[in-house]
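Single-letter residue listing:
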Amino acid sequence: MIIKSFNPPRRILMGPGPTDISPQVLSALSRPTLGHLDPLFVGMMDEVKWMLQQTFITKNEATLAISAPGSAGMEACFVNLLSPGDTVIVCRNGVFGGRMVENVERCGAHAIVVDDPWGRAVSAEKLEAALKQHPEAGYVAFVHAETSTGALSDAKALCQLAQQHHCLSIVDMVTSLGGVPVYVDEWGVDAAYSGSQKCLSCVPGLAPVSFSPRAVEHILRRPHKSQSWFLDQSLVMHYWSGSGKRTYHHTAPVNSLYGLHEALLRLQDEGIENAWARHEAMHQRLVSGLNTLGLKLVVPEGERLPQLNTVWIPEGKDDQRIRSYLLNQYNLEIGAGLGEFAGKAWRIGVMGYGARNENIALCLSALEDALENA
Ligand SMILES: *Cc1c(COP(=O)(O)O)cnc(C)c1O
């Protein structure tokens, strides 16, 4: 077998993630590797932490990037907070809410599942009814931006309900962070997790998380250790704090963190509100073009996620054939439907660096061609 260096083509990534990465972030990844306890690297980690706080809009001291993908961020929130026998209300309106249920059960806790239809936001009324019916519940968990369906839920209202019923809130912000307004402190989110490869437009494999002082106290007060050594935040926090006195926990993914630093810096330079507005403007532009092509969105207006647009596949059109055509003729990737939507809908991501005019224009003209000629 003759193996050569791997040189992938430049694809335009307009699926549910990973997303397009800017040349600046790609070049940051190739800078010289430092030792992970090198004072210069430690200083850079402090800056990453500070920029993550600006992005989550929080003063939470326990804000850091877990050295693993978004799924590990999800797991970190559950294994650190939950104890066996605890009750958690999980609002489920797509695939990722289903994974939350799975996490709860694997912690030996009890999940009360509040279901909403796929393609719709989580219903605050249903959550309120469940909270009244289950005073034993200690937590509320939900997905802010359901990437499997493209629905955006009212995180502020859901977290307020959790607080009124003395529950800690666990919120999936994997796709929302950097793409739509996220206010961790103002909304009273207790545990938030995200991913590097969605609207932050960095390489996959890092999970920004943020824990409120209430959540940290809860973690430190638990009588038993978390079942996961790697994700145990009481250990990981020491690695991300106490400048100068850092202790080794695991080897940080040094170059990936250079990438995250650069991606967060891009976001700081643009201004977080401007980034949200850009996602909304690109979404509007995409939707109006899709309408012109006769394509219909799955999610009703008012509950749509600007950065992830779920579109019904027109009657008689072949899902796989059209997506392959886009990939082979245009180097353009759009997402397939997941779960209930497999084969029925496409997911078009307008995320981070990918949320720009040229991508929208390309996507619309390529789709027009594919619908006719694939
Ligand atoms: C992508 C995604 C995840 C999982 O992130 P990975 O980095 O793929 O592990 C979790 N929740 C939501 C809402 C996502 O979109």
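Higher on the page you've got the structure.
Cut-off values and rules
Residues numbered from 1 in each chain as written. Predicted model: local features only at pLDDT ≥ 70, side-chain atom pairs only at ≥ 80, totals over all residues. Heavy atoms only, no water. Helix = DSSP H or I, 4+ residues; strand = E, 2+ residues; numbered from the N terminus. Buried < 20%, exposed > 50% of the residue type's maximum accessible area, 1.4 Å probe, protein only. Polar contact = N/O pair within 3.5 Å; in protein donor to acceptor, adjacent residues only side chain to side chain. Core = buried A, V, L, I, M, F, W, Y, C linked by side-chain atoms within 4.5 Å. Domains from an automatic or database assignment. Contact = heavy atoms within 4.5 Å. Near = heavy atom within 4 Å. Areas by Shrake-Rupley, 256 points an atom, 1.4 Å probe, with all protein chains shown as cover. Nonpolar A, V, L, I, M, F, W, Y, C, P; charged D, E, K, R; others polar. Axes fitted to C-alpha atoms, helices over the stretch in contact; angles between N-to-C directions. Parallel < 35°, antiparallel > 145°, perpendicular 65-115°, else oblique. Left-handed = near helix turned anticlockwise from the far one by under 90°. Salt bridge = Lys/Arg side-chain N within 4 Å of Asp/Glu carboxyl O. Disulfide = S-S within 2.5 Å. Pairing = 2+ DSSP bridges. Lys, Arg positive; Asp, Glu negative; His and termini not counted.

Draft legend 1. Here's a closer look at the environment of Asp 269. Inspection of the secondary structure puts Asp 269 in helix 10 (residues 254-270). Once the C-alpha coordinates of Asp 269 and Thr 87 are considered, the two residues, 182 residues apart in sequence, prove to be 42 Å apart.

Draft legend 2. Highlighting the side chain of Ser 201. Topologically, Ser 201 is positioned in the loop between strand 9 (191-193) and strand 10 (207-211). For Ser 201, a relative accessible area of 5% translates into the label buried. Side chain to side chain, Ser 201 and Thr 19 meet in a polar contact 3.4 Å long.

Draft legend 3. Layout of the nonpolar core. Counting residues in each nonpolar core, the largest one holds 91 residues, and the members touching the most others are Leu 82, Ile 170, Phe 211 and Leu 257. Counting contributing residues, this core receives three or more from each of domain 1 (12-18 + 272-373) and domain 2 (23-267). Beyond its immediate stretch of four places on either side in the chain, Ile 170 contacts Cys 77, Phe 78, Leu 81, Leu 82, Met 100, Tyr 139, Val 140, Ala 141, Phe 142, Ala 191 and Tyr 193. In this structure, Met 14, Tyr 325, Cys 363 and Leu 371 belong to the second largest nonpolar core, which totals 26 residues.

Draft legend 4. Geometry of the site of the ligand. Neighbouring the ligand are the residues Pro 69, Gly 70, Ser 71, Phe 96, Val 143, Ala 145, Thr 147, Asp 172, Val 174, Thr 175, Gln 197 and Lys 198. Ser 71 places a side-chain nitrogen or oxygen 2.5 Å from an oxygen atom of the ligand. A distance of 2.7 Å separates an oxygen atom of the ligand from a polar side-chain atom of Lys 198. When isolated, the ligand has an accessible area of 380 Å², and the protein chains bury 88% of it. The class makeup of the residues in the shell around the ligand is 5 nonpolar, 5 polar and 2 charged.

Draft legend 5. Structural context of the packing of helix 12 (residues 319-330) against helix 13 (residues 357-373). In contact at an axis separation of 10 Å, helix 12 and helix 13 are set at 125° when each is read in the N-to-C sense. One element, helix 12, and the other, helix 13, form an angle in the oblique class. Judged by the sense of rotation from one axis to the other, the crossing of helix 12 with helix 13 is right-handed. Contacts between helix 12 and helix 13 involve Ile 322, Tyr 325, Leu 326 and Tyr 330 from the former and Leu 362, Ser 365, Ala 366, Leu 367, Asp 369, Ala 370, Leu 371 and Asn 373 from the latter.

Draft legend 6. Region of interest: the pattern of salt bridges. Following the criterion strictly, the structure yields 15 salt bridges and no others. When the shortest N-O distance is used, the salt bridge between Arg 120 and Glu 303 registers 2.7 Å. With Arg 120 in the loop between strand 4 (110-115) and helix 5 (124-133) and Glu 303 in the loop between helix 11 (272-292) and strand 11 (308-312), this pair connects stretches of sequence that are 183 residues apart. On the basis of relative accessible area, Arg 120 is assigned to the partly exposed category, the value being 37%. For Glu 303, a relative accessible area of 17% corresponds to the buried category. The salt bridge involving Arg 356 is made with Glu 358; its shortest N-O contact spans 3.4 Å. Sharing partners across several salt bridges, the network here consists of Arg 31, Glu 262, Arg 266 and Asp 269.

Draft legend 7. The arrangement of unusual backbone geometry in detail. Each neighbour pair has its own omega, and for Gly 17 with Pro 18 the value is 5°, a cis peptide bond. Relative to the helices and strands, Pro 18 resides in the loop between strand 1 (12-14) and helix 1 (23-29). With phi around 55°, Ile 57 is a residue other than glycine that occupies positive phi space. Inspection of the secondary structure puts Ile 57 in the loop between helix 2 (39-56) and strand 2 (62-66). For Ile 57, a relative accessible area of 26% translates into the label partly exposed. A positive phi is found at Ser 201, a non-glycine position, where the angle reads about 55°.

Draft legend 8. Region of the structure containing the state of the cysteines. By the definition in use, this model includes 0 disulfides. There is no disulfide at Cys 77, and the cysteine sulfur nearest it, in Cys 107, is 11 Å away. The cysteine Cys 363 is free of any disulfide, with Cys 199 supplying the nearest cysteine sulfur at 15 Å. By relative accessible area, which is 0% here, Cys 363 ends up buried.

Draft legend 9. Inspection of the pairing of strand 12 (residues 332-336) at higher detail. Summarising the sheet, strand 1 and strand 12 pair through 3 bridges and their orientation is parallel. Among the inter-strand pairings, Met 14 is bridged to a residue of strand 12, identified as Ile 334. In this structure, strand 12 lies alongside strand 13 (residues 345-349), joined through 2 bridges in antiparallel fashion. When the sheet's bridge partners are listed, Gly 335 is paired in strand 13 with Arg 347.

Draft legend 10. Seen up close, the sheet that holds strand 5 (residues 139-143). Spatially, 7 strands are ordered 2-10-9-8-5-3-4 in an open sheet, and the strand pairing comes out mixed. Strands at the two margins of the open sheet, each flanked by one partner only, are strand 2 and strand 4. With direction set aside, neighbouring strand axes in the sheet form an average angle of 15°. Contacts from helix 4 (residues 95-106) reach strand 3 (87-92), strand 4, strand 5, strand 8 (168-172) and strand 9, with the element oriented near 165° to strand 3.

Draft legend 11. Broad picture of the side chain of Asp 369. Mapped onto the elements of the fold, Asp 369 is located in helix 13. Lys 317 provides the closest opposite charge to the buried, unpaired Asp 369, separated from it by 11 Å. A polar contact of 2.6 Å, which involves the side chain of Asp 369, links it to the side chain of Tyr 330. Within the structure, Asp 369 has its side chain in polar contact with the side chain of Asn 373 (distance 2.6 Å).

Geometry only, nothing functional implied.
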